Amino acid sequence: MGDTDARHQRPAGSPAASAVHRLHECGQTLATVESLTGGLLAAAIVEIAGVSAIYRGGLVVYATELKAVLAGVPEDLLAARGPVDPDVAVALAEGGRRRCGADWGLATTGVAGPEPQDDKPVGLVYVAVAGPTGSDVRRLDLDGGRDHIRSAAVIEALRLLAEHIPGTDDAGVADPAGAGRR
């Protein structure tokens, strides 16, 4: 992936390869649920050789109602908060994990632009992970154009996942001693 992250820096190595490698070592599986990234997250993951051992599949739920129908996000949550919300991001990750029968769910939702959506600014993105020990969400306030916002969301989602996989440090680098875990 030749794209840049939230700080407009190129990641060292492949965030997708790091996550796939660690999940393979742990014998755990992954599912994705994407809104603004529209399949880019899944594409980054399936580029990695050997991914079929860990990647269960994913959902692209661009339309708000599909977030409820396919990913299982509570309709009352969507009605109250809209699709660009931290709790919706977590519900997407949890729904993908459950619907695809995976150990981990990874989700993206946000506003890629060019126009704000439901009073949410362009560049507001939430990435979330749900796994065996719970869930986590990260807010990103991204700048730049639509392509950068979408590609940075993919990189940051993969980084968030890597932080939560047992035996990796916060950069997603293998840490056999577990010293980098919080």
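Please read these numbers as outputs of a predicted model, since none were measured by experiment.

Here is what the cut-offs are and how they apply
Residues numbered from 1 in each chain as written. Predicted model: local features only at pLDDT ≥ 70, side-chain atom pairs only at ≥ 80, totals over all residues. Heavy atoms only, no water. Helix = DSSP H or I, 4+ residues; strand = E, 2+ residues; numbered from the N terminus. Expected span 1.5 Å × (residues − 1). Buried < 20%, exposed > 50% of the residue type's maximum accessible area, 1.4 Å probe, protein only. Polar contact = N/O pair within 3.5 Å; in protein donor to acceptor, adjacent residues only side chain to side chain. pLDDT = per-residue confidence, 0-100. Contact = heavy atoms within 4.5 Å. Axes fitted to C-alpha atoms, helices over the stretch in contact; angles between N-to-C directions. Parallel < 35°, antiparallel > 145°, perpendicular 65-115°, else oblique. Left-handed = near helix turned anticlockwise from the far one by under 90°. Core = buried A, V, L, I, M, F, W, Y, C linked by side-chain atoms within 4.5 Å. Pairing = 2+ DSSP bridges. Right-handed = clockwise from strand over helix to strand, strands pointing away. Disulfide = S-S within 2.5 Å.

Asker: Explain helix 5 (residues 86-100) here, please?
Answerer: Three- or four-residue spacings in an α-helix give side chains the same orientation, since the helix completes a turn every 3.6 residues. Compared with the 21 Å implied by 1.5 Å per residue over 15 residues, the 21 Å span of helix 5 between its first and last C-alpha is a close match. When helix 5 is considered as a whole, its buried residues turn out to be V88, A89, V90, A91, L92, A93, G95, G96 and C100. The opening residue of helix 5 is D85, an N-cap whose side-chain oxygen sits 2.8 Å from the backbone nitrogen of D87. Within two residues after helix 5, G101 carries a phi angle of roughly 65°, on the positive side.

Asker: Quick question: what am I supposed to make of unusual backbone geometry here?
Answerer: The general pattern is negative phi for most residues beyond glycine and trans for most peptide bonds. Along the chain, G113 connects to P114 via a cis peptide bond; the corresponding omega equals 15°. The backbone phi angle of D119 is positive, close to 65°, even though this residue is not glycine. By secondary structure assignment, the location of D119 is in the loop between strand 3 (104-110) and strand 4 (124-131). With a relative accessible area of 80%, D119 lands in the exposed category.

Asker: Can you walk me through the confidence of the model for the chain in this structure?
Answerer: Regions with low pLDDT carry predicted coordinates that are not meant to be interpreted in detail. Chain-level statistics for the chain give a pLDDT mean of 90 and a share of 91% at 70 or above. Long-range and interchain partners of residues 168-182, a stretch whose pLDDT sits below 50, account for 28 contacts in this model, where long-range means more than four residues apart.

Asker: In this structure, what is going on with the environment of L30? I would like to understand it.
Answerer: Among the structural elements, L30 can be located in strand 1 (residues 30-34). Judged by relative accessible area, which is 1%, L30 ranks as buried. Discounting chain neighbours no more than four positions away, the residues touching L30 are L23, I45, I54, Y55, R56, G57, A102, W104, L106 and L161.

Asker: Got a minute to help me understand the packing of helix 1 (residues 15-26) against helix 6 (residues 146-164) in this structure?
Answerer: In contact at an axis separation of 9 Å, helix 1 and helix 6 are set at 30° when each is read in the N-to-C sense. The pairing of helix 1 with helix 6 is recorded here as roughly parallel in orientation. Taken as a pair, helix 1 and helix 6 cross one another with a handedness that is left-handed. Residues P15, A16, A19 and L23 of helix 1 form the contact with helix 6, whose own contacting residues are I155, L158 and L161.

Asker: How should the nonpolar core be read in this particular structure?
Answerer: Note that soluble globular proteins tend to have their nonpolar side chains buried in a common cluster. Core analysis: the largest hydrophobic core is formed by 31 residues, its most contacted members being L30, I45, L106, V125, L158 and L161. Among the secondary structure elements, those contributing two or more residues to this core are helix 1, helix 2 (40-46), strand 3, strand 4 and helix 6. Formed by 21 residues, the second largest nonpolar core is a distinct cluster that contains A68, V73, V84 and L92.

Asker: Can you walk me through the pairing of strand 2 (residues 55-60) in this structure?
Answerer: If a strand is regular, its side chains alternate between the two faces of the sheet. One ladder, built from five bridges, connects strand 1 with strand 2; its direction is parallel. If you follow E34 over to strand 2, its bridge partner there is V60. For the segment spanning strand 1, helix 2 and strand 2, crossover handedness is right-handed.

Asker: Can you help me understand the state of the cysteines in this one?
Answerer: Disulfides are covalent bonds that connect the sulfur atoms of two cysteines. With the rule as written, the count across this model stands at zero disulfides. No disulfide involves C26; its nearest neighbouring cysteine sulfur is the one of C100, lying 20 Å away. For C26, a relative accessible area of 31% gives the class partly exposed. For C100, a relative accessible area of 15% corresponds to the buried category.

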